[in-house]
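Now for the letters of each chain:
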Amino acid sequence: MTDQSSNQMWGGRFAAGPDAIMEAINASIGFDKRMAAQDIAGSRAHAAMLAAAGVITDNDAEAIREGLLTVLSEIEGGTFQFSTALEDIHMNVEARLKEIIGEPAGRLHTGRSRNDQVATDFKLWVRDQLDAAESGLLALIRALLSQAEAGADWVMPGFTHLQTAQPVTWGHHMMAYVEMFGRDLSRVRDARARMNESPLGAAALAGTSFPIDREMTAKALGFDRPAANSLDAVSDRDFALEFLSVASISAVHLSRFAEELVIWSSAQFRFVTLSDRFSTGSSIMPQKKNPDAAELIRAKVGRIFGANTALMMVMKGLPLAYSKDMQEDKEQVFDAADNWMLALAAMEGMVKDMTGNRESLAAAAGSGFSTATDLADWMVRVLKVPFRDAHHVTGTLVAMAESRGCDLPDLSLADMQGVHEGITDDIFSVLGVENSVNSRMSYGGTAPAQVRAQVARWREILAG
Ligand code: ARG
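The shown structure was predicted, so the numbers you read here are calculated from the model rather than taken from an experiment.

The rules behind the values
Sequence order sets the numbering: in each chain, residues are counted from 1 along the sequence as written. In view of the model being predicted, local features appear only for residues whose pLDDT reaches at least 70, and side-chain atom pairs are presented and counted only at 80 or more, with totals across whole chains, interfaces and linings using the full set of residues. No hydrogens and no water enter the side-chain calculation; it runs on all heavy atoms of the structure. Here a residue counts as near a molecule or strand whenever at least one of its heavy atoms sits within 4 Å of it. Here a polar contact is recorded for every N or O atom pair within 3.5 Å, except that within protein the pair must consist of a potential hydrogen donor and a potential acceptor, and residues adjacent in sequence are included only if both atoms are side-chain atoms. Here the Shrake-Rupley method, with its probe set to 1.4 Å, supplies the accessible areas, and only the displayed protein chains count as covering residues. The criterion is simple. A nonpolar core is a set of buried Ala, Val, Leu, Ile, Met, Phe, Trp, Tyr and Cys residues joined through side-chain atoms within 4.5 Å. Only protein chains enter the accessibility calculation, which uses a 1.4 Å probe; a residue is then buried when its area is under 20% of its type maximum, exposed when over 50%, and partly exposed in between. Runs of E in the DSSP output that reach at least two residues are strands. Runs of H or I that reach at least four are helices, and both are numbered from the N terminus. In what follows, residue pairs with any heavy atoms lying within 4.5 Å of each other are defined as contacts. In what follows, salt bridge is the name for a side-chain nitrogen of Lys or Arg lying within 4 Å of a carboxyl oxygen of Asp or Glu.

Participant: Sorry if this is basic, but what is going on with the site of the ligand here?
Facilitator: The environment of the ligand is made up of Ser-28, Asp-88, His-90, Arg-114, Asn-115, Val-118, Tyr-322, Gln-327 and Lys-330. The contact in question runs from a nitrogen atom of the ligand to an N or O atom on the side chain of Arg-114, over 3.4 Å. Contacts to the ligand include Asn-115, whose side-chain N or O atom sits 3.0 Å from a nitrogen atom. Calculation on the ligand without its partners gives an accessible area of 350 Å², and the protein chains cover 87% of this total.

Participant: Which parts of the structure should I look at to understand the nonpolar core?
Facilitator: Nonpolar side chains in soluble globular proteins tend to end up buried together. Counting residues in each nonpolar core, the largest one holds 98 residues, and the members touching the most others are Trp-340 and Met-347. When residues in this core are grouped by element, the largest group, 15 residues, is from helix H10 (residues 238-264). With sequence-adjacent residues up to four places away left out, Trp-340 is seen in contact with Ala-133, Leu-137, Val-188, Phe-243, Val-246, Ala-247, Ser-250, Leu-254 and Ile-304. Counting 21 residues, the second-largest nonpolar core is a separate cluster that includes Ala-390, Met-400, Ile-423 and Leu-431.

Participant: Got a minute to help me understand the pattern of salt bridges in this structure?
Facilitator: Side chains bearing opposite charge may pair, as long as their charged atoms lie close to each other. Evaluation of the coordinates by the stated rule reveals 28 salt bridges. As a salt-bridge pair, Asp-338 and Arg-34 come within 2.9 Å of each other at their nearest N and O atoms. Residue Asp-338 is found in helix H12 (residues 329-353), and its partner Arg-34 is found in the loop between helix H2 (29-32) and helix H3 (36-52); the two are separated by 304 residues along the sequence. Judged by relative accessible area, Asp-338 falls into the partly exposed class, the value being 35%. The residue Glu-134 makes a salt bridge to Arg-189 at a minimum N-O spacing of 2.5 Å. Here Glu-134, found in helix H6 (residues 114-150), pairs with Arg-189, found in helix H7 (residues 170-195); they are 55 residues apart in sequence, far enough to count as distant. On the basis of relative accessibility, which here comes to 21%, the residue Glu-134 falls in the partly exposed class. Because the salt bridges share partners, they merge into one network encompassing Glu-87, Asp-88, Arg-114 and Lys-324.

Written out as structure tokens, the structure is:
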């Protein structure tokens with residue numbers, strides 16, 4: 001005799017129901033209910049295919065379709081009673097379908113298994129997130145392009161080692177991030193194209209003896225084709241790992257930009273003013289305006305990369321095909337997706353609202369001997385001095401300016417000629433930061449004309 005409390009899906013083999021602790025460790029409904037819409041879409045496609053293949057009657061398929069729509073509206077309306085005893089979203093939906101339509105519900109699970117079902121649902125969910133990430137990245141790129149266009153010729157210091165290196169333009173700096181987020185965008189698109197194969201119909205692991213049409217369900221769910229190996233189809237979580245890898249790299253980019261905004265918005269730098277809408281105040285220090293959004297974006301990479309590492313470790317030793325370990329995939333991906341989307345949206349908002357402080361940027365651009373390279377290049381170009389020698393002369397002049405507490409353009413011609421007699425008045429034309437950035441016309445360089453060309457190129461890419 002079967003115990004009344006044993007599971008209605010597999011109670012036939014079981015004499016007793018699970019221990020409460022077993023139920024607690026086994027259940028995923030607490031989180032996989034987020035895949036309800038995908039689960040129902042998958043079941044609808046499967047039922048329609050079963051009818052077309054003659055495996056179930058059209059009447060049963062119609063009852064299943066109607067019933068699933070009712071279940072969906074109950075879930076969306078918040079009246080659905082989720083049950084931990086029913087373990088996961090797949091069994092919760094099916095059990096409720098049985099309550100609503102009775103016997104035909106029992107025919108839905110013909111020629112499939114929860115193994116291909118969960119892989120299908122999860123893929124559909126991840127695919128939606130890749131689409132959301134694509135929109136988020138595009139919006140952020142557009143915001144950066146506007147900043148780059150507005151400040152294509154604003155001069156600012158460029159850094160290496162966070163030491164003043166050479167003057168660059170605000171637009172050039174913004175466009176560096178456009179390139180980074182542009183690569184994220186292309187990774188998102190690659191990942192989507194690679195993952196878009198349907199696991200549905202792989203059944204438990206070996207395929208099925210029913211005459212199913214996997215092309216039909218693949219097409220109905222927007223997949224490019226059915227996955228070609230049923231063992232692989234149910235055990236593959238590459239799409240989740242790839243999602244997390246792409247998200248991790250993008251989160252690193254977000255974090256690096258966030259770090260720059262934290263530095264730039266400080267009183268010591270004043271390169272940028274963040275809007276009130278994306279800052280917070282201090283409860284004790286009235287003067288403060290904190291870049292909290294930037295700081296939180298900087299921190300998000302921790303949990304996103306953590307999710308990536310966690311799922312890598314879950315998957316690394318699993319034999320084919322499905323193992324229950326794989327149920328641990330979803331919370332990692334859900335959390336990473338939520339936080340990646342939030343970080344993208346917050347960064348877009350911050351970039352849209354922020355004001356570059358043109359005067360502070362310009363004042364900082366000229367300090368720190370930022371045009372020393374221009375001086376050396378001038379000697380090479382005009383005096384035909386070997387670069388290594390020009391570097392040495394320039395170093396001597398920088399040391400002289402440093403000891404006098406002035407900048408390079410403040411040295412007199414006589415001072416300079418004392419170090420190298422060939423130097424002429426013309427040298428002062430390259431010591432200005434505007435001249436410096438204007439001269440860097442090599443492809444991808446910081447000259448405003450180059451920046452504008454890159455903005456135009458990106459606008460064309462986005463329009464196409
Ligand atoms: N809740 C499970 C998961 O998320 C669904 C698949 C269960 N399959 C099984 N054979 N127990 O992975």
